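Residue-level listing of the chains:
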Amino acid sequence: MKKLILLAIIILSFAVHAGNIENARKYYKNKDFEQAKKYYLKAAQNGDERGYNGLGSIYMEEDNFDEAEKMFLKAGEYGYNGLGGVYMIWKEYDKAEKMYLKALDIAFEYSTNPSPIYYNLGVLYYHKQDYDNAKKYIKKAADTGVNKEAEKIYKQMIQLGY
């Protein structure tokens, strides 16, 4: 009986965490960052690292990059792509590359869509004037079929002779 009660508590706990993240994402999508922050913070306080990642994304939207970096660092593996974005803004390209490559490893490990990370790597390499790798990663992002911006940029790169 005690095991059943413990199992029910664990399942309920996961449902509450997921609810916080889902609610936060709805508010984030509608650009209601204050409400999204509340739910992401609840998730983070309950041990869900995705909450810190969400907070980092909001701080990026608000151009508060110092705070975004802090949140992404707390987000563990969920924060690698976001950290790459912060470091790109700060023009710390080597650090950005390291974070994006870690994010790519995680995407493969969890079978999540790597398209945004491919795209970010392509943009990074473009800024580093490594046009071969820029083209390679933009093409990979375009080839996923879900990143229309990457498809457009890849076509432009071809037209410009990259």
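Residues numbered from 1 in each chain as written. Predicted model: local features only at pLDDT ≥ 70, side-chain atom pairs only at ≥ 80, totals over all residues. Heavy atoms only, no water.

Student: Where do I start with the packing of aromatic side chains in this structure?
Tutor: Two measures describe an aromatic ring pair: the distance that separates the ring centres and the angle between the ring planes. Summed over all chains, the structure comprises nine aromatic pairs. Ring geometry for Tyr27 and Tyr39: centres 5.8 Å apart, planes at 10°, overall stacked. Residue Tyr27 is located in helix H1 (residues 2–29), and its partner Tyr39 is located in helix H2 (residues 33–45); the two are separated by twelve residues in the primary sequence. Taking the relative accessible area as the measure of exposure, Tyr27 reaches 30% and is therefore partly exposed. Pairwise contacts between aromatic rings join Phe108, Tyr118, Tyr125 and Tyr137 into one cluster. Across from the ring centre of Tyr87, 4.7 Å away, lies the NZ or CZ of Lys95, which sits over that ring. (Phe/Tyr/Trp six-rings, centres within 6.5 Å; stacked < 30°, edge-to-face > 60°. Helix = DSSP H or I, 4+ residues; strand = E, 2+ residues; numbered from the N terminus. Buried < 20%, exposed > 50% of the residue type's maximum accessible area, 1.4 Å probe, protein only. Lys NZ or Arg CZ within 6 Å of the ring centre and 35° of its normal.)

Student: Looking at this structure, I do not really get helix H9 (residues 148–159). What am I missing?
Tutor: Residues spaced three or four apart along an α-helix point in a common direction, a consequence of the helix completing one turn every 3.6 residues. Given a rise of 1.5 Å per residue, twelve residues ought to cover 16 Å, and the 17 Å separating the end C-alpha atoms of H9 matches this to within 8%. Taken together, the buried positions of H9 are occupied by Ala150, Ile153, Tyr154 and Met157. Seen end-on, H9 carries its buried residues on one side only, within an arc spanning 105°. Exposed and oriented more than 90 degrees from the buried face of H9 are Lys148, Lys155 and Gln159. Here the buried face of H9 lies against helix H7 (115–127) and helix H8 (131–143). Between a side-chain oxygen at the N-terminus of H9 and the backbone nitrogen of Glu149 the separation is 3.3 Å; the capping residue is Asn147. (Expected span 1.5 Å × (residues − 1). Arc of directions from axis to C-beta. Contact = heavy atoms within 4.5 Å. Polar contact = N/O pair within 3.5 Å; in protein donor to acceptor, adjacent residues only side chain to side chain.)

Student: Would you mind showing me how to read unusual backbone geometry here?
Tutor: In terms of backbone geometry, most residues other than glycine have negative phi values and most peptide bonds are trans. Notably, Asp63 is not glycine yet its phi reads approximately 60°, a positive angle. Structurally, Asp63 can be placed in the loop between helix H3 (49–61) and helix H4 (65–74). In this structure, Lys91 takes a positive phi of about 60° despite not being glycine. Within the secondary structure, Lys91 is located in the loop between helix H5 (80–89) and helix H6 (93–109).

Student: What is the right way to look at the packing of H3 against H4 in this model?
Tutor: Two quantities define a packed helix pair, namely the angle between the helix axes and the distance between the axes. It is the contact of H3 with H4, at a shortest axis distance of 7 Å, that shows an interaxial angle of 165°. When the axis of H3 is compared with that of H4, the two are roughly antiparallel. With respect to the hand of their crossing, H3 and H4 are arranged in left-handed fashion. From H3, Glu49, Tyr52, Asn53, Leu55, Gly56, Ser57, Tyr59 and Met60 reach across to H4, where they touch Phe65, Glu67, Ala68, Met71, Phe72 and Lys74. A breakdown of the residues in the contact of H3 with H4 according to their chemical character gives eight nonpolar, three polar and three charged. (Axes fitted to C-alpha atoms, helices over the stretch in contact; angles between N-to-C directions. Parallel < 35°, antiparallel > 145°, perpendicular 65-115°, else oblique. Left-handed = near helix turned anticlockwise from the far one by under 90°. Nonpolar A, V, L, I, M, F, W, Y, C, P; charged D, E, K, R; others polar.)

Student: I would appreciate a short explanation of the packing of H8 against H9 in the present structure.
Tutor: Put simply, H8 and H9 touch, their axes get as near as 8 Å, and they point 140° apart. The angle between H8 and H9 places the two elements in the oblique class. In the packing of H8 onto H9, the handedness of the crossing is left-handed. The residues of H9 that touch H8, namely those facing Tyr131, Ala134, Lys135, Ile138, Lys139, Ala141 and Ala142, are Ala150, Glu151, Ile153, Tyr154, Met157 and Ile158. Here the residues of the contact of H8 with H9 are counted per class, giving ten nonpolar, no polar and three charged.

Student: Looking at this model, I keep getting lost on a nonpolar patch on the surface. Mind explaining?
Tutor: Taken together, the side chains of Tyr126, Leu160 and Tyr162 present a nonpolar region at the surface, about 320 Å² in accessible area. Considering the arrangement of structural elements, one finds Tyr126 in helix H7. (Patch = residues over 30% accessible without salt bridge, like charges linked within 9 Å, V, L, I, M, F, W, Y side chains within 5 Å. Areas by Shrake-Rupley, 256 points an atom, 1.4 Å probe, with all protein chains shown as cover. Salt bridge = Lys/Arg side-chain N within 4 Å of Asp/Glu carboxyl O.)

Everything listed here is a matter of geometry and, on its own, says nothing about what the molecule does.
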